[in-house]
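Listed below, chain by chain, are the residues.
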Amino acid sequence: MMFLAAEGAQNPLIPDTTELVVGILCFLIVFGFLGKKLLPNIQKTLEERHDAIEGGLERAAEAQAEANQTLEQYKAQLAEARHEAARLRQEATEQGATIIQQMREEGQRQREEIIAAGHTQIEADRKAAAVALRQDVGKLATELAGKLVGESLEDHARQSRTIDRFLDQLESNATSAEATR
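On a predicted model such as this, the values are computed, not experimentally measured, just so you know.

> Looking at this structure, I do not really get the overall build of the protein. What am I missing?
Broken down by element type, the protein carries three helices and zero strands. Listed by position from the N terminus, the elements making up the protein come as α-α-α. Here the protein holds 181 residues, and 4% of them are scored as buried.

> What's the story with the packing of aromatic side chains in this structure? I'm lost.
For any pair of aromatic rings, the description consists of the separation of the ring centres together with the inter-plane angle of the planes. Scanning the model with the defined rule gives one aromatic pair in all. On the numbers, 5.9 Å between centres and 15° between planes, the contact of Phe-27 with Phe-31 is stacked. A residue pair is termed a helical-turn pair when its members lie 3 or 4 positions apart in one helix, as Phe-27 and Phe-31 do in helix 2 (residues 17-149) at four residues. A residue is classified by how much of its surface remains accessible, and Phe-31, at 54% relative accessible area, is exposed.

> How should the layout of surface pockets be read in this particular structure?
The method is simple in principle: a probe with the dimensions of a water molecule rolls over the atoms, and the space it marks as empty is what remains. In this model, the largest pocket occupies a volume close to 200 Å³. Lining the largest pocket, in full, are Arg-126, Ala-129, Ala-130, Val-131, Leu-133, Arg-134, Val-137, Leu-167 and Glu-171. Mapped onto the lining of the largest pocket, the elements with two or more residues apiece are helix 2 and helix 3 (156-180). Class assignment of the residues belonging to the lining of the largest pocket gives a composition of six nonpolar, no polar and three charged.

> Explain the pattern of salt bridges to me, please; I cannot follow it from the model alone.
Between side chains of opposite charge, pairing is possible as soon as their charged atoms come close. In total, this model carries five salt bridges according to the counting rule given. Glu-84 is the salt-bridge partner of Arg-87, the closest N and O atoms lying 2.2 Å from each other. Of this pair, Arg-87 and Glu-84 both sit in helix 2, separated by three residues, roughly a single helical turn. As a salt-bridge pair, Glu-113 and Arg-109 come within 2.3 Å of each other at their nearest N and O atoms. Here Glu-113 and its partner Arg-109 are both found in helix 2, four residues apart, which amounts to about one turn of the helix. Given a relative accessible area of 44%, Glu-113 falls into the partly exposed group. Its relative accessible area of 37% is what places Arg-109 among the partly exposed residues. Through salt bridges with shared partners, a single ionic network connects Glu-84, Arg-87 and Glu-91.

> What is the right way to read the confidence of the model for the protein from this model?
In low-pLDDT regions, the fine details of the predicted coordinates are not to be read closely. Looking at the protein as a whole, its pLDDT mean stands at 83, while 88% of the residues score no less than 70. Of all helices and strands in the protein, the one with the weakest mean pLDDT is helix 1 (residues 2-9) (48), whereas helix 2 scores best (89). Across residues 1-6, where pLDDT falls below 50, the model places zero contacts with residues more than four positions away in sequence or in other chains.

> What is the right way to read a nonpolar patch on the surface from this model?
Judged by side-chain polarity, Val-30, Phe-33, Leu-34, Leu-38, Leu-39, Ile-42 and Leu-46 come together as a nonpolar surface patch covering roughly 640 Å² of accessible area. In this fold, Leu-34 is placed in helix 2. Relative accessible area serves as the criterion here: at 36%, Leu-34 is assigned to the partly exposed category.

Conventions and cut-offs
- Per chain, residue numbering runs from 1 following the sequence as it is written.
- Restriction of local features to residues with pLDDT of at least 70 applies here, the model being predicted, together with a cutoff of 80 or more for giving and counting side-chain atom pairs; totals for whole chains, interfaces and linings are based on all residues.
- In computing side-chain values, all of the structure's heavy atoms are included and hydrogens and water are not.
- Secondary structure follows DSSP: runs of H or I at least 4 residues long count as helices, runs of E at least 2 residues long count as strands, and numbering of each begins at the N terminus.
- Exposed residues in this analysis have more than 50% of their type's maximum accessible area, buried residues have under 20%, and partly exposed residues fall in between, with area computed by a 1.4 Å probe over protein chains only.
- What counts as a ring pair is set by centres within 6.5 Å for rings of Phe, Tyr and Trp (its six-membered ring), and what kind of pair is set by the plane angle: stacked under 30 degrees, edge-to-face over 60, tilted for all other angles.
- The pocket and cavity definitions rest on a 1 Å grid over protein atoms only: a 1.4 Å probe that fits but cannot leave marks a cavity, an open set with protein on both sides within 12 Å along at least five of seven lines marks a pocket, and residues lining either have an atom within 4 Å of a point.
- Grid points are joined across faces, edges and corners, and a volume is the space filled by probe spheres set on the points.
- Lys, Arg, Asp and Glu make up the charged group, whereas Ala, Val, Leu, Ile, Met, Phe, Trp, Tyr, Cys and Pro make up the nonpolar group; the residues left over, Gly among them, are polar.
- Think of a salt bridge as a Lys or Arg side-chain nitrogen and an Asp or Glu carboxyl oxygen that are within 4 Å of each other.
- A residue's pLDDT is the predictor's confidence in that residue, given on a scale from 0 to 100.
- Here, residues are in contact when the closest pair of their heavy atoms is within 4.5 Å.
- A patch is a set of surface residues, each over 30% in relative accessible area and not in a salt bridge, joined within 9 Å for like charges and within 5 Å for the nonpolar side chains Val, Leu, Ile, Met, Phe, Trp and Tyr.
- Only the protein chains shown count as cover for residues, with accessible areas throughout obtained via the Shrake-Rupley method and a probe of 1.4 Å.

Below, the structure is given as C-alpha cells:
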C-alpha cells in the first residue's frame, strides 16, 4: 500500500515542473530552428511551385488564345478559299457556255457556207450538164434530121436555130407537164 500512497501523492496527469520547463524550452528551440531554417525553405519551394503552376496556367491560356486565333484565321482562309473556288467554278461554267455558243455559231456558219457552196456547185454542174446535153442532143438531132431530110444540115447558124427551137419545145413540154401534176 505504500506503493499506492507514494504514487497517490503525485498525479500522473500533471507533469513535473522541471520536465515541463525543459519540454517547453526544447519545443521552443526546435520550433525556433524550424521557423528560422526550415520554414523559409518550405515557403520558398511553395512559392516556386505556385509560380510554376500559375505561370503554366498563364502560358496555357496564352497558348489557347493563340490556338483559337490561329483556328479563326484558318476558318477565314478556308471560307475565302471556298468562295474563290465557287467563283472559279462559276466563271468556268460561264466560259464553257460561251465557248459552246461560239462553237455552235461557228458550226452553223460553216454548215451554211458548205450548203451554199454545194448549191453553187450543183447549179454550176447542172448548167454545165445542160450545155453538154444541149450540144450532144443538138448534134444527134442534126445528124438524125440530116438523115431524115436527106440533106446535110452542116450550116452552123441553121443548125443552132434548129437545135434551140427543138430544145425550147422540149423544155416547154416538160414545164407544162410539171405544172399539170
